[in-house]
Amino acid sequence: LTDDGEIDDLVARSVTIWHKHGKARPASDPHRALIEEGVLRVVESAKRLPTTLAGNGDVKTRHDAMEARVAQAQDPEERAQYQAARDALAEQLRLSERVTADRRRAVAKMHAHVATLERFVAVEAQALAHKDEQRQDAVDKLQAASAEVAVSCEAMSEIEAAVTAASSDAATPAATA
């Protein structure tokens with residue numbers, strides 16, 4: 001799906017949860033829908049995850065070179081042009097750092113979400129394995145885990161929206177003065 005092994009692993013773990021614990025359930029089973037939504041959130045997030053902007057080292061080197069040229073320039077027009085180039089490179093660095101930070105946050109949230117799905121499946125299996133006298137406690141834990149998956153899905157939606165917005169901002173050229 002991506003060129004990032006970490007993200008591909010998260011997607012694979014989610015899809016495995018679907019195949020093992022969701023797909024065979026009847027459509028009327030509310031846990032099927034919960035698992036399906038949880039897995040789809042991971043897949044969609046992986047597709048939308050921004051790639052880290054390449055070449056930050058090169059941009060930093062070019063920025064530093066423009067800074068030196070600004071300091072050395074004698075002609076006001078020459079200095080203004082180098083300043084404009086330096087400022088554009090500085091903006092590129094800021095945007096790249098923002099996209100990188102947003103991506104790291106989104107990946108961390110994906111890890112938490114997949115772990116929540118895995119916990120849900122484990123709690124559900126425990127609930128099914130208990131005898132009647134212990135079943136209610138297990139069912140209570142399952143309901144709590146179910147709520148956690150729902151909250152995690154909602155949080156994934158918010159992360160997806162933030163990442164999409166950040167990617168759009170990074171793709172929009174900065175206005176120059």
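Quick caveat: nothing in here was measured; it's all calculated off a predicted structure. (Residues numbered from 1 in each chain as written. Predicted model: local features only at pLDDT ≥ 70, side-chain atom pairs only at ≥ 80, totals over all residues. Heavy atoms only, no water.)

### Regarding the overall build of the chain
As a reminder of what qualifies: Comment: elements are numbered from the N terminus, with helices defined as DSSP H or I runs of at least four residues and strands as E runs of at least two. Throughout this description, buried means an accessible area under 20% of the type-specific maximum (1.4 Å probe, protein chains only), exposed means over 50%, and partly exposed covers the range between. The contact criterion used throughout is that any non-hydrogen atoms of two residues lie within 4.5 Å. Working definition of accessibility: Shrake-Rupley area with a 1.4 Å probe, residue cover restricted to the visible protein chains.
A tally of helices and strands in the chain yields five helices and zero strands. Reading the helices (α) and strands (β) of the chain from amino to carboxyl end gives α-α-α-α-α. Counting over 177 residues, the chain shows a buried share of 35%. If you take every contact in the chain between residues at least 6 apart in sequence, the share linking residues at least 24 apart comes to 73%. Taken as a whole, the chain presents about 10400 Å² of accessible surface, with 54% of it coming from carbon and sulfur.

### Some details on the pattern of salt bridges
Put simply, the test is: One speaks of a salt bridge when a side-chain nitrogen belonging to Lys or Arg is within 4 Å of a carboxyl oxygen belonging to Asp or Glu.
Applying the stated rule across the entire model yields 13 salt bridges. A salt bridge links Arg25 to Asp29; the nearest nitrogen and oxygen atoms lie 3.2 Å apart. Here the two residues Arg25 and Asp29 agree in accessibility, since each one is buried. Between Arg25 and Glu124 there is a salt bridge; the shortest N-O distance is 2.3 Å. Taken together, the residues Arg25 in the loop between helix H1 (5–22) and helix H2 (30–48) and Glu124 in helix H4 (residues 76–129) connect sequence positions 99 residues apart.

### A closer look at the confidence of the model for the chain
Counted only if it meets this: Each residue carries a pLDDT score, the predictor's own confidence in it, on a scale running from 0 to 100.
For the chain, the mean per-residue pLDDT works out to 81, and 79% of the residues sit at or above 70. The secondary-structure element of the chain with the lowest mean pLDDT is helix H5 (residues 132–171), recorded at 69, while H1 shows the highest, at 93.

### Observations regarding H2
Every α-helical turn comprises 3.6 residues, leaving residues that sit three or four positions apart pointing alike. In plain terms, the rule: To estimate how far a helix should reach, multiply one less than its number of residues by 1.5 Å. Within 3.5 Å is the distance limit for a polar contact, defined as a pair of N or O atoms, with the added protein rule that one can donate a hydrogen and the other accept it, and that residues adjacent in sequence qualify only through two side-chain atoms.
Over its 19 residues, H2 extends 27 Å from the first C-alpha to the last, a length consistent with the 27 Å expected when each residue adds 1.5 Å. Here H2 has its buried residues at His31, Arg32, Leu34, Ile35, Gly38, Val39, Val42, Val43, Ser45 and Ala46. Between a side-chain oxygen at the N-terminus of H2 and the backbone nitrogen of His31 the separation is 2.7 Å; the capping residue is Asp29.

### Structural notes on the nonpolar core
What counts, and what does not: As used here, the term nonpolar core means buried Ala, Val, Leu, Ile, Met, Phe, Trp, Tyr and Cys residues forming a set that is joined through side-chain atoms within 4.5 Å.
Ile7, Val11, Ile35, Val39, Met110, Phe120 and Val149 are the most contacted members of the largest nonpolar core, which totals 24 residues. Sorting the residues of this core by element identifies H1, H2, H4 and H5 as the ones contributing at least two each. Counting residues per element, this core draws most heavily on H4, which supplies eight residues. The residues contacting Val39, other than those within four sequence positions of it, are Ser14, Val15, Trp18 and Leu117.

### Description of the packing of H1 against H4
Inclusion rule: Axis definition: a line fitted to C-alpha atoms, limited for helices to the stretch in contact. Angles are taken between N-to-C directions and run from 0 to 180 degrees. Any angle that is under 35 degrees is reported as roughly parallel, and any over 145 degrees as roughly antiparallel; angles of 65 to 115 degrees are reported as roughly perpendicular and all others as oblique. Working rule for handedness: look at the near helix, and if it is turned counterclockwise from the far one by less than a right angle, call the crossing left-handed; if clockwise, right-handed.
The geometry of H1 relative to H4 is characterised by a closest axis approach of 10 Å and an angle of 25 degrees between their N-to-C directions. One way to sum up the angle between H1 and H4 is to call them roughly parallel. Crossing of H1 against H4: the hand is left-handed. For the pair formed by H1 and H4, the contact residues are Glu6, Ile7, Leu10, Arg13, Ser14, Ile17 and His21 on the first element and Arg103, Val107, Met110, His111, Val114, Leu117, Glu118 and Val121 on the second.

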